[in-house]
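# Breakdown of the fold
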Amino acid sequence: MKILVTGAKGFVGKNLIAELRNRKYEDIFEYDIDTDPALLEQYTRECDFVFNLAGVNRPKDPKEFMEGNFGFASVLLDSLKKAGNKAPVLITSSIQAELDNPYGESKRAGENLMFEYSKETGAPVYVYRLPNVFGKWCRPNYNSAVATFCNNIAAGLPIQVNDPSVVMHLVYIDDVVDEFINAMNGKATQLSDVGSKGAAPLESVEIGRMASTDDRFKGVPIVHEITLGKIVELIESFKTSRENLTIPDMSDPFTSKLYSTYLSYLPTDSFSYPLDMHCDDRGSFTEFIRNKDRGQVSVNISKPGITKGQHWHHSKNEKFLVVKGKGLIRFRKIDSEEIIEYPVSGDKLEVVDIPTGYTHSIVNVGDEDMVTVMWANEPFNPEKPDTYFLPV
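Residues numbered from 1 in each chain as written. Predicted model: local features only at pLDDT ≥ 70, side-chain atom pairs only at ≥ 80, totals over all residues. Heavy atoms only, no water.

## Notes on the sheet that holds strand β15 (residues 307-312)
Each strand in a sheet pairs with its neighbour through backbone hydrogen bonds, running either in the same direction (parallel) or in the opposite one (antiparallel). The 5 strands are arranged β18-β17-β20-β15-β22 in an open sheet whose pairing can be described as antiparallel. Every other strand in the sheet has two partners, leaving β18 (339-345) and β22 (388-389) as the edge strands with one partner each. Direction of pairing for strand β17 (residues 326-333) relative to β18: antiparallel, over a ladder of 7 bridges. Across the sheet, the residue bridging to G327 is V344, located in β18. (Pairing = 2+ DSSP bridges. Helix = DSSP H or I, 4+ residues; strand = E, 2+ residues; numbered from the N terminus.)

## Side note on the nonpolar core
Counting 76 residues, the largest nonpolar core has V5, L16, L20, F51, F180, I231 and L258 as its most contacted members. For this core, the leading source of residues is helix α6 (residues 173-184), giving 7 residues. With residues up to four places along the chain from it excluded, the contact list for L16 reads V5, F51, L53, V177, F180 and I181. (Core = buried A, V, L, I, M, F, W, Y, C linked by side-chain atoms within 4.5 Å. Buried < 20%, exposed > 50% of the residue type's maximum accessible area, 1.4 Å probe, protein only. Contact = heavy atoms within 4.5 Å.)

## As for the pairing of β15
Relative to strand β20 (residues 358-364), β15 runs antiparallel, the two being bridged by 4 bridges. Within β20, the position partnered with H311 by the bridge is H360. Where β15 lies against β22, 2 bridges are found, and the strand directions are antiparallel. Each residue of the ladder has a partner; that of W312, found in β22, is Y388.

## Some points on a nonpolar patch on the surface
There is a patch of nonpolar side chains on the surface, built from Y273, L275 and F288 and spanning about 250 Å² of accessible area. On the secondary structure map, F288 appears in strand β13 (residues 283-291). (Patch = residues over 30% accessible without salt bridge, like charges linked within 9 Å, V, L, I, M, F, W, Y side chains within 5 Å. Areas by Shrake-Rupley, 256 points an atom, 1.4 Å probe, with all protein chains shown as cover. Salt bridge = Lys/Arg side-chain N within 4 Å of Asp/Glu carboxyl O.)

## Some points on the pairing of strand β7 (residues 167-172)
Burial analysis of β7 places 5 of its 6 residues in the buried class, the great majority of the element. With 3 bridges connecting them, strand β6 (residues 132-134) and β7 associate as parallel partners. Residue pairing across strands places N132 opposite L170, the latter belonging to β7. As for the winding sense of the linkage, the β-α-β connection from β6 through helix α5 (residues 145-155) to β7 is right-handed. Sheet topology places β7 next to strand β11 (residues 222-227); 4 bridges connect them, and they run antiparallel. Bridging from a neighbouring strand, L170 pairs with H224 of β11. (Right-handed = clockwise from strand over helix to strand, strands pointing away.)

Below is the structure:
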């Protein structure tokens, strides 16, 4: 299949082309504003499917909306007609196409042009009315509040939120790309089947109500509904998570997608961040991650011959994983004299559970530093440590 992508260097275009290549589509014609216009004739003659993603979102002159969103679509369709090519065409529109502003009018004109073209030629068309799209590679301070907030908060720059109670409807770029490739393969989603977070029908969205009952329009299946204030709150929590070592709630689809988006805006000199290493002559202990509902992960380094632990817990429990060196983990039930031993080694990774009611220790029996990854079911609480010294 030969695929033509216009707007190839834009936010959606870059993500789409990257995933098409991941899926082994090799014949991709990339067309953008700086492409030699003469190539359009060749591309429209040879292509088997067209993604028309070219458009104008924030021009200096409102007149450019119609030129960019309607004008180029006209040129593209004329070129297809001239070549006698009835390849399917997918175009990105906006839920704002129902609004009477220059942007909405230009998008609506582009939609009508597509429908007329399909009626005239018989070529299949897929018109996607999209809400706000967010994800990696979206340009900040252009047409996405999420991109601007992620970029500015990651870089320590100020942001402006006029009304945090404003409800946003968003689709994630990976969901958009999946849907577009599905459409190319004949499995487009009707806009009327789109739900907010997979539950509420799109009729709950004020903008897009009319289109949701028109089977000519397509949509991305998953739409996230959230207030502007909550988005900012989440992004700011991502920034502070480096200091308090927390991990966002990845079980929430929107939070997970927003976190992935935020990380893509980190300044290139800020990918890493330091941890607080507690060092002494025995080695070191460094906390890596801590969450109230998912526990604490730490890295423990022990010098040769050093024994650590020698304590037990009522309810607190742990998992030990030696990833380097050789060690011996020893257990004794606090009311018993029997000692249980588990040899561990970085040469054979295995997890050892630390049951409650057993005093335990770990000793480095090798001749190099032993590195142990330790998980505890709860972060350490100095007011209630649940840790009682008792030699094994």
